[in-house]
Amino acid sequence: MFYSLAIDPIVFSIGSLPVHWYGLILGLGALIGLFLCIQEGKRFNIPQEFFMDMLLLGLPSAIIGARLYFVAFKWEDYKDNLLDIFKVWNGGIAIYGALIGAIICGIIYFRYKGYPFWRIVDICAPGLLAGQMIGRWGNFINQEAYGGVVEESFLRDKLHLPDFIVNQMYIGDAFHHPTFLYESLWSLLGILLLMVLRRQKFVRAGEIFMSYFIWYSIGRFFIEALRTDSLAFDGSSGVAAFINGLWSPMKWMGFEQGYLDPAYGNIRISQLLALLIIVAAIVLIIVRRVSGQPKAHYLDPIISTKPAAADAVVPESAANTPQKPAQPVQPLEDPSEDKETKE
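Reference entry: report on the structure contained in this document. Just so it is clear, the structure is predicted and the values come from calculations on it, not from any experiment.

1. With respect to the sheet that holds strand S3 (residues 149-150)
Strand order in the open sheet formed by three strands is S3-S5-S4, with antiparallel pairing between adjacent strands. The open sheet has two free edges, formed respectively by S3 and strand S4 (170-171), since each of these has just one partner strand. Pairing of S3 with strand S5 (residues 174-176), which is carried by two bridges, proceeds in the antiparallel orientation. Within S5, the residue paired with valine 150 across the bridge is phenylalanine 175.

The structure is reproduced here in structure tokens:
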């Protein structure tokens, strides 16, 4: 059977400068994430310029962190070709590294603007997932971050994928798991989950962000083992067996782990990191709840300590609630009329 050629990773060229699909897709993901942040920020009267500046600072920080993380674990492939480190349009960035870079930037930027860290990252969590969801399609174009070998019938008859995805998953001389698609769909479900969760009154500051880490890491743990390009290291055989045991339900559903080059190790770094993040996030939520540290709820007003942003304090829901002007107490009035709804 004839299969169409892979999609050209270059969209067009401006003179001798090629414009890659990968970069455009990452940019689109960043803009969609920014849009979600701005829309949610309006509920708290946070100016959109705050989020725009955050993107301008956070995006390069995330890319640098993602690239450094990837290169650090693939140093043998780059030590003799240092210029290749800068060729991010060819792929080779790690999401966990991007998060590290973005969080470091966020801590500095939010403090400079006078906003509490946990409140802002809660707002940004769905936007982060949106960026990851769209960014995975850059991996699709580059034919990277794919999974192990599968039959064509699995893609067409079981997953019912359109031709353009099936054809792009024909890499080398075989079809492969579209792990980019699995993670993209998992992220989409996560966005919907977080949007529902953040409207619940019991949610405390920081818990949306922690829920983002938990959700993403659960999906990443199971999807990572399907891939054939995982970053790995040599570790305890007991730890490797424990991780494989946790992954075993995937085998019951007919999935097999992708090939892991023994030269890289026996433990996939992203799987181990995903487990550690899940445990750490759950423990942090519990400890903060028990200690009473997160006094603020997600729906509470967000107050900046900087005078320039002091007017960004009231969420839209509170702003739309009728407020009574202060007045002397009238003894003949029904006391119930003076009751105020507390958040």
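There's more to say after this.
2. Examining the pairing of strand S1 (residues 10-14)
Taken together, the four bridges between S1 and strand S2 (residues 17-20) define a ladder with antiparallel strand orientation. Residue pairing in the sheet places serine 13 in a bridge with proline 18 of S2. Hairpin connection, S1 to S2: the antiparallel pair is bridged by two residues, and glycine 15 has positive phi, about 65°.

3. What about unusual backbone geometry?
Phi at asparagine 45 is positive, roughly 55°, even though this residue is not glycine. Checked against the element boundaries, asparagine 45 lands in the loop between helix H1 (21-42) and helix H2 (48-73). Exposure remark for asparagine 45: the relative accessible area of 39% places this residue in the partly exposed category. Of note in the backbone geometry, histidine 160 takes a positive phi value of approximately 55° without being a glycine. Its location among the elements puts histidine 160 in the loop between helix H6 (152-158) and helix H7 (163-168). Looking at histidine 160, the relative accessible area reads 61%, which means it is exposed.

4. What to know about the environment of leucine 246
In this structure, leucine 246 sits in helix H10 (residues 237-247). It is 9.3 Å that separates the C-alpha atoms of leucine 246 and phenylalanine 221, two residues lying 25 residues apart in sequence. Apart from residues no more than four positions distant in its own chain, leucine 246 is found in contact with Phe221, Phe222 and Leu275.

5. Thoughts on a nonpolar patch on the surface
A cluster of nonpolar residues, Ile7, Phe12, Ile14, Leu17, Trp21 and Leu24, forms a patch on the protein surface that exposes about 560 Å² of accessible area. Every element with two or more residues in the nonpolar patch is listed here: S1 and H1. Inspection of the secondary structure puts leucine 24 in helix H1.

6. What about the environment of isoleucine 95?
Mapped onto the elements, isoleucine 95 comes out in helix H4 (residues 95-113). Separated by 29 residues in the primary sequence, isoleucine 95 and alanine 66 have C-alpha atoms spaced 6.0 Å apart. For isoleucine 95, the contacting residues outside a window of four places in its chain are Gln132, Arg136, Glu183, Tyr216 and Arg220.

7. A few points about the nonpolar core
When a protein is soluble and globular, its nonpolar side chains tend to lie buried together. Grouped together as the largest cluster of nonpolar side chains are 74 residues, with contacts concentrated most on Ile46, Phe50, Phe51, Leu155 and Tyr212. The greatest single-element share of this core, amounting to eleven residues, is contributed by helix H5 (residues 117-142).

8. Structural notes on the packing of helix H8 (residues 179-197) against helix H9 (residues 207-224)
Where H8 meets H9, the axes come as close as 10 Å, and the angle between the chain directions of the two elements is 155°. The angle between H8 and H9 falls in the class roughly antiparallel. The handedness of the crossing between H8 and H9 is right-handed. For the pair H8 and H9, contact is made by Thr179, Tyr182, Glu183, Trp186, Leu189, Gly190, Leu193, Leu194 and Leu197 and by Ile208, Ser211, Tyr212, Trp215, Tyr216, Ile218, Gly219, Arg220 and Ile223, respectively. By residue class, the composition of the contact of H8 with H9 is twelve nonpolar, four polar and two charged.

Rules behind the numbers
Residues numbered from 1 in each chain as written. Predicted model: local features only at pLDDT ≥ 70, side-chain atom pairs only at ≥ 80, totals over all residues. Heavy atoms only, no water. Pairing = 2+ DSSP bridges. Helix = DSSP H or I, 4+ residues; strand = E, 2+ residues; numbered from the N terminus. Buried < 20%, exposed > 50% of the residue type's maximum accessible area, 1.4 Å probe, protein only. Contact = heavy atoms within 4.5 Å. Patch = residues over 30% accessible without salt bridge, like charges linked within 9 Å, V, L, I, M, F, W, Y side chains within 5 Å. Areas by Shrake-Rupley, 256 points an atom, 1.4 Å probe, with all protein chains shown as cover. Salt bridge = Lys/Arg side-chain N within 4 Å of Asp/Glu carboxyl O. Core = buried A, V, L, I, M, F, W, Y, C linked by side-chain atoms within 4.5 Å. Axes fitted to C-alpha atoms, helices over the stretch in contact; angles between N-to-C directions. Parallel < 35°, antiparallel > 145°, perpendicular 65-115°, else oblique. Left-handed = near helix turned anticlockwise from the far one by under 90°. Nonpolar A, V, L, I, M, F, W, Y, C, P; charged D, E, K, R; others polar.

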